[in-house]
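# Coordinates in review
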Amino acid sequence: MDQIKIGKFIASCRKEQGMTQAVLAERLGISDRAVSKWETGKSMPDSGIMLELCDFLKINVNELLSGERIMAEAYDKRAEENLLAMRREVEEKNRQMLGTEYWIVFPTVISGLVMVFVASFTEMPVWLRIVLIVFAFVMIFTVAFIAVGIVQKAGYYECQHCHHRYVPTYWKTNLAMHIGRTRYMKCPKCGKKSWQKKVLTKED
Ligand SMILES: [Zn+2]
């Protein structure tokens, strides 16, 4: 999606409706800065606010996402393209979230292991040894919990039997046996257990 084009389109529709950025912001219950960021293409309106925004601008969501008015004939094709673009963006966001998981888990596990190693093999008072080891474990466990949260929220798990894709609860994700990101869980649709793979989108 072309954010700059969308931004310019929002600005021109807003002016057509005779609203300043401040007035539009106030009606939507957000800051002027947010409106200014859309109009300069720095960010996109949240999906939660899009319908209301389109209502005020007298356009539809499809036009908003295209950054221009669309004639009726071209509408279906455009709707499809926009839907695909939105899906790609969600997919990309999920991929990035899974990427950050590695960045927080690896350094933590390594520094935790170094701490345990140092505590075990260097001369130091017993209390310091205990503090170091306890600290290392608390740190690793805390980060592991955060990481499971990221994995649970990014993307979906796919049932090997019926290929249903879904987002399991945090505890179900956390307690499931896993090899890397593949987890052994029960499918909420068909009820069968299988090794479920992480996938980035709801459909293929
Ligand atoms: Zn299933």
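Small disclaimer: the values here were computed from a predicted structure and weren't measured. (Residues numbered from 1 in each chain as written. Predicted model: local features only at pLDDT ≥ 70, side-chain atom pairs only at ≥ 80, totals over all residues. Heavy atoms only, no water.)

## Quick word on the packing of helix α6 (residues 75-121) against helix α7 (residues 126-153)
The contact between α6 and α7 brings their axes to 9 Å, and the two run at 170°. Regarding the angle of α6 to α7, the classification is roughly antiparallel. With respect to the hand of their crossing, α6 and α7 are arranged in left-handed fashion. Class assignment of the residues belonging to the contact of α6 with α7 gives a composition of 20 nonpolar, 6 polar and 3 charged. (Axes fitted to C-alpha atoms, helices over the stretch in contact; angles between N-to-C directions. Helix = DSSP H or I, 4+ residues; strand = E, 2+ residues; numbered from the N terminus. Parallel < 35°, antiparallel > 145°, perpendicular 65-115°, else oblique. Left-handed = near helix turned anticlockwise from the far one by under 90°. Nonpolar A, V, L, I, M, F, W, Y, C, P; charged D, E, K, R; others polar.)

## Remarks on the domain arrangement of the protein chain
Domain assignment breaks the protein chain into domain 1 (3-70), domain 2 (72-154) and domain 3 (155-203). Centre-to-centre, using C-alpha coordinates, domain 2 lies 19 Å away from domain 3. Contacts between the two partners involve 15 residues from domain 2 and, on the opposite side, 16 residues from domain 3. Roughly 1,300 Å² of surface becomes buried between domain 2 and domain 3 when both sides are summed, with 55% attributable to carbon and sulfur atoms. Summed over the three residues of domain 2 that lose the most area to domain 3, namely Phe145, Val148 and Gln152, the buried surface amounts to 41% of that side. Summed over the shared surface of domain 2 and domain 3, the number is 1 salt bridge. Among the ionic pairs, Glu101 bridges to Arg181, the shortest N-O distance being 2.5 Å. At the junction of domain 2 and domain 3, the tally comes to 9 residue pairs in polar contact (both at pLDDT 80 or more). For the side of domain 2 that touches domain 3, the class distribution of residues is 7 nonpolar, 3 polar and 5 charged. (Domains from an automatic or database assignment. Contact = heavy atoms within 4.5 Å. Buried area = accessible area lost by both parts, 1.4 Å probe. Salt bridge = Lys/Arg side-chain N within 4 Å of Asp/Glu carboxyl O. Polar contact = N/O pair within 3.5 Å; in protein donor to acceptor, adjacent residues only side chain to side chain.)

## Considerations on helix α4 (residues 47-57)
Among the residues of α4, those classed as buried are Ile49, Met50, Leu53, Cys54 and Leu57. End-on view of α4: buried residues confined to an arc of 140°, all on one side of the axis. Exposed residues pointing more than 90 degrees away from the buried face of α4 are listed as Gly48, Leu51 and Asp55. (Buried < 20%, exposed > 50% of the residue type's maximum accessible area, 1.4 Å probe, protein only. Arc of directions from axis to C-beta.)

## Details of the UniProt feature "transmembrane region" (unreviewed entry) in the protein chain
As annotated by UniProt and renumbered to match this structure, "transmembrane region" (unreviewed entry) occupies residues 102-121 and 127-151. For residues 102-121, the end-to-end C-alpha separation is 28 Å, with 100% helix and 0% strand making up the annotated structure. (UniProt positions renumbered as here; feature names shortened; annotations may be inferred.)

## Observations concerning the layout of surface pockets
Taken as a whole, the largest pocket holds about 360 Å³ of empty space. Together, 18 residues line the largest pocket, and Glu101, Val105, Ala147, Val148 and His178 are the ones closest to its centre. At the level of elements, α6 and α7 are the ones that each hand at least two residues to the lining of the largest pocket. Grouping the amino acids of the lining of the largest pocket by side-chain chemistry returns 11 nonpolar, 4 polar and 3 charged. Two domains each donate at least three residues to the lining of the largest pocket, and these are domain 2 (72-154) and domain 3 (155-203). If you go around the second largest pocket, the residues you meet are Met86, Glu89, Val90, Glu92, Lys93 and Gln96. In the lining of the second largest pocket, the residues fall into 2 nonpolar, 1 polar and 3 charged. (1 Å grid on protein atoms, 1.4 Å probe; cavity = no way out; pocket = protein on both sides within 12 Å on 5 of 7 lines; lining within 4 Å. Points joined across faces, edges and corners; volume = space filled by probe spheres on them.)

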